[in-house]
Structure formats: C-alpha cells, structure tokens
Amino acid sequence: MAPYPVTIFNNILQTATHPVALKIHRIVPIPKEPNVTTMEKFRQIAVLPVLRTFRQISEYLDRNNILSECQYGFKKVCGTEKAAVNIMSAICNGLDEGTKGVGAIFNDFSKAFDRVDHTIWLDELQYYGFGGNTLRILESYLGNRRQFVQIRSQKSSATRVMYGVPQDDIWPVYAYKNDTIWNNMEREAAFINEHVRINRLFLNANKTKVIRFRPHCSENNFGVKVNASLE
C-alpha cells in the first residue's frame, strides 16, 4: 500500500476524526428509463472518494451473529436467490399445514439509504457493542458531510447532508429488512408500521404489496393495512 493512504488511516485511528475532504459526495443523476421527464425517474448515484475504512463493521456483525436470519442483503453466502427459495418454502409449508392461507408483505422502502437518521443509527451501533474510538470515528464520518450535483460539466453548490449514509458494499442499512412473511398479518403489519415510524423511514405505497397465498377452495376475506406515509 502507498504511504499516503497508510498515513491517512493512522491519523483517523489516532484522532477519531474523518478527513473533511473524504466526506464530499458528487451526485450524478442517472435516468431509470428512457425519455425521462420528471426528477423522480432519476437515480441519484453518489460518487465517493475511493478510501474505504469500515469493512470491519460487516465482519463484526457476521462474527457475532447479530444479523437476523431473515436478512439476506449484505451477508456472506446470501442473496436474492436464497431469499426467493426460503419465501417459496415458507408459503408451501404453510399451505401444506392446512391453513386457510399464508400472507406475505413485500415492502419497498423509498430511498432507504438516504433516509437513515444518524442519531438512531449510531444508537443502534452502540447497542450492538460499538464504542470508544470506533463509535467516534463513525460519528465523525457521518457528521458534516456535503454533496453537490454534477450534470456533464455543470456543478451545483455544495449543501450539507443531514440524513443518509453512503450506499456501497461496506455501509449497509442492516436494520431495515425488505421482505417478510408471517401468518399473523395484522400483528406483523402493525410491527412494520411502528418500525417505519420509529426509524423515520418511508414506504413506497406503489411498490409495497400485501399478498395472500391460499388454496383454491378457501374464502377470500383478507384485509391488512400497511401505512406508507409515516416519516
């Protein structure tokens, strides 16, 4: 490794302070589909400095089995394929047990990374064992971040980032799971609503779906409400 990154790393560890120059995001809007006419159809890609310092967060959470078994993102030997297999298995097992149906809530959190509350996130890290210089470094990394938008050669003025975390493979939003399956739908829908409220998240109403899988002969009385407007 070149001497300059080593010097930066050592300085971060000694002072528990992240360099200001490494906390500036360059936002590049990328259209989600052709012929975009509204801002909602652009994906905001944050281009960050290449220096990464927090891969050990993932290693610590994995080593201490802190993450839920129902979480598939940002975990080793997990992914969408395993999630899909387990979902299908849960549905089939429920129907084989003779129940009237199995309910599934497929959540979509709108801009989940961008809405992370720094205070809540740091409190959760402290609860799971992070402290001392480690927590101070993380707090410094999140604090006083700035971002600007660049479209071709045009750049906006930089503004302070009050919420959110960098979206990359070493800064996952562990606390927020996207897909859940339970039999007691009313209870779990209430749990999701409370989770959204406490963590100041926002459910995308157009993409969040409540589905009941049932035998062909069973009745179709089913109603569950998942709030999508809680912040």
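Reference entry: report on the structure contained in this document. (Residues numbered from 1 in each chain as written. Predicted model: local features only at pLDDT ≥ 70, side-chain atom pairs only at ≥ 80, totals over all residues. Heavy atoms only, no water.)

**Here's the deal with the overall build of the protein chain**
Move 1: In terms of helices and strands, the protein chain carries six helices and eight strands.
Move 2: Element order for the protein chain, N to C, with α for helix and β for strand: α-β-β-α-α-β-α-α-β-β-β-β-α-β.
Move 3: Among the 231 residues that make up the protein chain, the fraction classed as buried is 32%.
Move 4: In the protein chain, the share of contacts with a sequence separation of at least 24, taken over all contacts with a separation of at least 6, comes to 67%. (Helix = DSSP H or I, 4+ residues; strand = E, 2+ residues; numbered from the N terminus. Buried < 20%, exposed > 50% of the residue type's maximum accessible area, 1.4 Å probe, protein only. Contact = heavy atoms within 4.5 Å.)

**Quick word on the nonpolar core**
Move 1: L122, L125, F130, L138 and L142 are the most contacted members of the largest nonpolar core, which has 14 residues in total.
Move 2: When residues of this core are traced back to their parent elements, those giving at least two are helix 2 (55–63), helix 4 (118–127) and helix 5 (132–142).
Move 3: Broken down by element, this core gets its largest block of residues, four residues, from helix 5. (Core = buried A, V, L, I, M, F, W, Y, C linked by side-chain atoms within 4.5 Å.)

**Remarks on the packing of aromatic side chains**
Move 1: Taken as a whole, this structure holds two aromatic pairs when the rule is applied.
Move 2: When the ring of Y127 is compared with that of Y128, the centres are 5.1 Å apart and the planes differ by 80 degrees; the resulting orientation is edge-to-face.
Move 3: The partly exposed category is assigned to Y128, whose relative accessible area is 35%.
Move 4: Stacked on the ring of Y141, the Lys or Arg R145 has its end atom at 4.3 Å from the ring centre. (Phe/Tyr/Trp six-rings, centres within 6.5 Å; stacked < 30°, edge-to-face > 60°. Lys NZ or Arg CZ within 6 Å of the ring centre and 35° of its normal.)

**Observations concerning the pattern of salt bridges**
Move 1: Taken as a whole, this structure holds two salt bridges when the rule is applied.
Move 2: Across the pair D117 and R200 runs a salt bridge, and its minimum N-O distance is 3.0 Å. You can see D117 sitting in the loop between strand 3 (102–106) and helix 4 and its partner R200 sitting in the loop between helix 6 (185–198) and strand 8 (209–213), a full 83 residues away along the chain.
Move 3: Classification of R200 by relative accessible area gives partly exposed; the value is 43%.
Move 4: We note a salt bridge from R197 to E194, for which the minimum N-O separation is 2.6 Å. One end of the pair is R197 and the other is E194, both in helix 6 and three residues apart, which spans about a single turn.
Move 5: Overall, the relative accessible area of 35% leaves E194 in the partly exposed class. (Salt bridge = Lys/Arg side-chain N within 4 Å of Asp/Glu carboxyl O.)

**A word on helix 3 (residues 80–96)**
Move 1: The end-to-end C-alpha distance of helix 3, which contains 17 residues, comes to 24 Å, matching closely the 24 Å that a straight helix rising 1.5 Å per residue would cover.
Move 2: Taken together, the buried positions of helix 3 are occupied by A83, I87, I91 and G94. Angularly, the buried residues of helix 3 cover 70 degrees about the axis, an arc narrow enough to put them on a single face. Turned more than 90 degrees from where helix 3 packs its buried face, E81, V85 and D96 sit exposed. (Expected span 1.5 Å × (residues − 1). Arc of directions from axis to C-beta.)

**Thoughts on a nonpolar patch on the surface**
Move 1: Taken together, I30, I45 and V47 make up a surface patch of nonpolar side chains, about 200 Å² in accessible area.
Move 2: Looking at the secondary structure, you find V47 in strand 2 (residues 42–47).
Move 3: Looking at V47, the relative accessible area reads 31%, which means it is partly exposed. (Patch = residues over 30% accessible without salt bridge, like charges linked within 9 Å, V, L, I, M, F, W, Y side chains within 5 Å. Areas by Shrake-Rupley, 256 points an atom, 1.4 Å probe, with all protein chains shown as cover.)

**With respect to unusual backbone geometry**
Move 1: The residue N65 is not glycine, and still its phi comes out positive at about 50 degrees.
Move 2: In this structure, N65 sits in the loop between helix 2 and helix 3.
Move 3: Its identity as a non-glycine residue notwithstanding, R200 has a phi of 55 degrees, on the positive side.

**Observations regarding the side chain of T208**
Move 1: With respect to the helices, strands and loops of the structure, T208 is situated in the loop between helix 6 and strand 8.
Move 2: T208 gets classed as buried once you look at its relative accessible area, which sits at 14%.
Move 3: Reaching out from T208, the side chain makes a polar contact with the backbone nitrogen of D108 at a distance of 3.2 Å.
Move 4: If sequence neighbours within four positions are ignored, T208 has contacts with F106, N107, D108 and L203. (Polar contact = N/O pair within 3.5 Å; in protein donor to acceptor, adjacent residues only side chain to side chain.)

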